[in-house]
Amino acid sequence: KANYFSKFSKAPVICKLVGRKVLDGVGQPTLEVEIHCTVKNYEKRICSTVMCFHSQIPENALPETSAADEKDRNDSVNTAVEWVNASLNTMLRDLKPTDQCTVDKILGEYFTKKVEEQKIQKQEEEAAEATLAITSCIPAAAALPGGKKAAKPGKKVAAAERTIPPAEPVGSVLGGSLAIGGTSLAIAKAGATISHIPLYLHIALLKHHQDSPKEMTVPLPMVTLLNCEKNSPAKLKLVKEVMLIPPVQLPLKQGIGRVLDIQKEMMRLLEPPGKAPRALKRISHLGCLITGCDNLEQPLLLMQTACNNIGLELGTDMFVAINCAAHELMDYVKGKYEILTGTFKSPDEMVDMYVELISKFPFITALIDPLRKEVR
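Here's what I pulled together on the structure shown here. Only a predicted model underlies this, so the values are computations on that prediction, with no experimental measurement involved.

As a further point, take the packing of aromatic side chains. On inspection of all chains with the given rule, the structure shows 2 aromatic pairs. Taken together, a centroid distance of 5.4 Å and an interplanar angle of 90° make the contact between Trp83 and Tyr110 edge-to-face. With Trp83 in helix 2 (residues 63-91) and Tyr110 in helix 3 (residues 100-135), this residue pair connects regions lying 27 residues apart in the sequence. One exposure class covers both Trp83 and Tyr110, and it is buried. The lysine or arginine in question, Lys334, covers the ring of Phe344, its NZ or CZ lying 4.7 Å from the ring centre.

Right, dumping it as structure tokens:
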């Protein structure tokens with residue numbers, strides 16, 4: 001009888017958000033957002049979510065670079081925790097966790113406001129720096145004794161050498177922005193929990209305006225199996241990662257099983273004979289195998305051998321994607337890509353090389369970052 005009256009109670013609403021700093025799987029600080037709701041007049045912890053940080057500290061970074069990156073990461077996470085516990089906690093209180101559209105609208109407006117505040121702050125800092133530079137400037141070089149004279153009218157000046165455009169500056173990430181995605185995901189999980197349905201179905205219902213979708217599809221898995229260690233003494237610089245893609249028609253569980261079988265065989269092939277295992281030196285912090293290669297074909301032939309040894313055929317039972325990360329290889333003096341130590345290629349030569357590579361290894365179905373963004 002008591003349960004009969006429970007159906008007349010008000011729908012659960014958000015009563016508290018809790019943000020805290022936690023450590024992720026590789027020991028780096030990140031954000032956790034916890035959602036509490038008022039359910040039948042009682043405060044109840046519903047769920048929490050831990051966010052992946054938007055960037056990773058490179059393994060081979062210089063000590064001073066790593067220290068700066070770690071400080072930025074800590075500052076960003078601390079700001080995100082502050083946003084969740086203060087502003088967002090107040091703004092989202094008393095909203096239904098199932099009302100995702102309203103929540104995301106509020107989060108979007110809050111983020112836009114923070115971006116504008118950062119822009120104004122940056123402009124004020126630049127104006128202050130410009131004022132300081134003007135007050136402390138020195139006479140122009142042309143006015144100094146011995147300075148070069150300006151070219152006379154009509155005198156031919158050597159045309160500047162044509163150079164490739166410089167790399168685009170790295171886009172700045174607003175400190176604390178982790179709070180926006182973290183809060184949105186946590187509330188989506190809370191909405192699914194309150195509705196007693198899986199998160200994927202809750203999101204699908206939001207997309208389809210609460211109409212149950214006719215069918216559900218799973219994203220195609222792409223598993224990084226091999227890290228080609230660009231900074232190693234080996235010659236190959238072009239290939240950053242080799243990834244495996246199971247066939248579309250294969251069930252997910254079976255596809256991942258094949259990937260694991262290939263990984264085990266690759267580890268056996270890479271293990272020097274007669275020596276103790278050195279797994280810690282050959283596995284990256286992300287869990288993929290590390291090896292140095294001297295040419296483009298070497299990692300692909302290695303993959304092919306591993307598959308053949310366990311009865312799998314590349315191009316039929318498994319496919320390959322290559323993360324070229326070509327933007328990391330540009331030599332701005334030469335205006336070319338250094339694909340191997342001492343070997344440089346122009347953008348057109350890169351395209352020809354990729355065409356030849358795919359013709360020779362047709363099981364390659366994807367190239368990631370094959371050229372710089374500016375020349376694609």
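So that's the structure; there's more coming.
Counting residues in each nonpolar core, the largest one holds 40 residues, and the members touching the most others are Leu238, Ile262, Met266, Met303, Val320 and Met350. If you list the elements that add at least two residues to this core, you get strand 4 (223-227), strand 5 (241-245), helix 6 (252-270), helix 8 (297-309), strand 7 (319-323), strand 9 (336-340) and helix 9 (347-360). The element that contributes the greatest number of residues to this core is helix 8, accounting for 5 residues. Not counting the four nearest positions on each side in its chain, Ile262 is found in contact with Leu225, Leu244, Met303, Ala306, Cys307, Ile310, Leu312 and Met318. The next biggest cluster of nonpolar side chains, apart from the first, holds 29 residues, and it includes Leu17, Val33, Val77 and Leu92.

The next point concerns the sheet that holds strand 11 (residues 364-368). One open sheet holds the 5 strands; their spatial order is 6-4-5-7-11, and the pairing between them is mixed. Looking at strand neighbours, the two that pair on one side only are strand 6 (289-290) and strand 11, the edges of this open sheet.

So, about the sheet that holds strand 8 (residues 330-331). Strand order in the open sheet formed by 3 strands is 8-9-10, and the pairing between neighbours is antiparallel. One side of each edge strand has no neighbouring strand; the edge strands of this open sheet are strand 8 and strand 10 (343-345).

Taken together, the side chains of Val218, Leu252, Ile256 and Leu260 make up a nonpolar region of the molecular surface, amounting to roughly 340 Å² of accessible area. As for its placement among the helices and strands, Leu252 is situated in helix 6.

Between its first and last C-alpha, helix 9 extends 20 Å over 14 residues, near the 20 Å set by a 1.5 Å rise per residue. The set of residues buried in helix 9 consists of Met350, Met353, Tyr354 and Leu357. All buried residues of helix 9 lie within an arc of 100° about the axis, which places them on one face of the element. For helix 9, exposure combined with an orientation more than 90 degrees from the buried face picks out Asp348, Asp352, Val355, Glu356 and Ser359.

Here we come to the side chain of Glu338. Mapped onto the secondary structure, Glu338 falls in strand 9. Salt bridges are absent for the buried Glu338, whose nearest opposite-charge side chain, Lys237, sits at 4.6 Å. From its side chain, Glu338 meets the backbone nitrogen of Gly342 in a polar contact 2.9 Å long. Those residues in contact with Glu338 that lie beyond four places of it in its chain are Lys237, Leu329, Thr343 and Phe344.

Thresholds, definitions, all that
Residues numbered from 1 in each chain as written. Predicted model: local features only at pLDDT ≥ 70, side-chain atom pairs only at ≥ 80, totals over all residues. Heavy atoms only, no water. Phe/Tyr/Trp six-rings, centres within 6.5 Å; stacked < 30°, edge-to-face > 60°. Helix = DSSP H or I, 4+ residues; strand = E, 2+ residues; numbered from the N terminus. Buried < 20%, exposed > 50% of the residue type's maximum accessible area, 1.4 Å probe, protein only. Lys NZ or Arg CZ within 6 Å of the ring centre and 35° of its normal. Core = buried A, V, L, I, M, F, W, Y, C linked by side-chain atoms within 4.5 Å. Contact = heavy atoms within 4.5 Å. Pairing = 2+ DSSP bridges. Patch = residues over 30% accessible without salt bridge, like charges linked within 9 Å, V, L, I, M, F, W, Y side chains within 5 Å. Areas by Shrake-Rupley, 256 points an atom, 1.4 Å probe, with all protein chains shown as cover. Salt bridge = Lys/Arg side-chain N within 4 Å of Asp/Glu carboxyl O. Expected span 1.5 Å × (residues − 1). Arc of directions from axis to C-beta. Lys, Arg positive; Asp, Glu negative; His and termini not counted. Polar contact = N/O pair within 3.5 Å; in protein donor to acceptor, adjacent residues only side chain to side chain.

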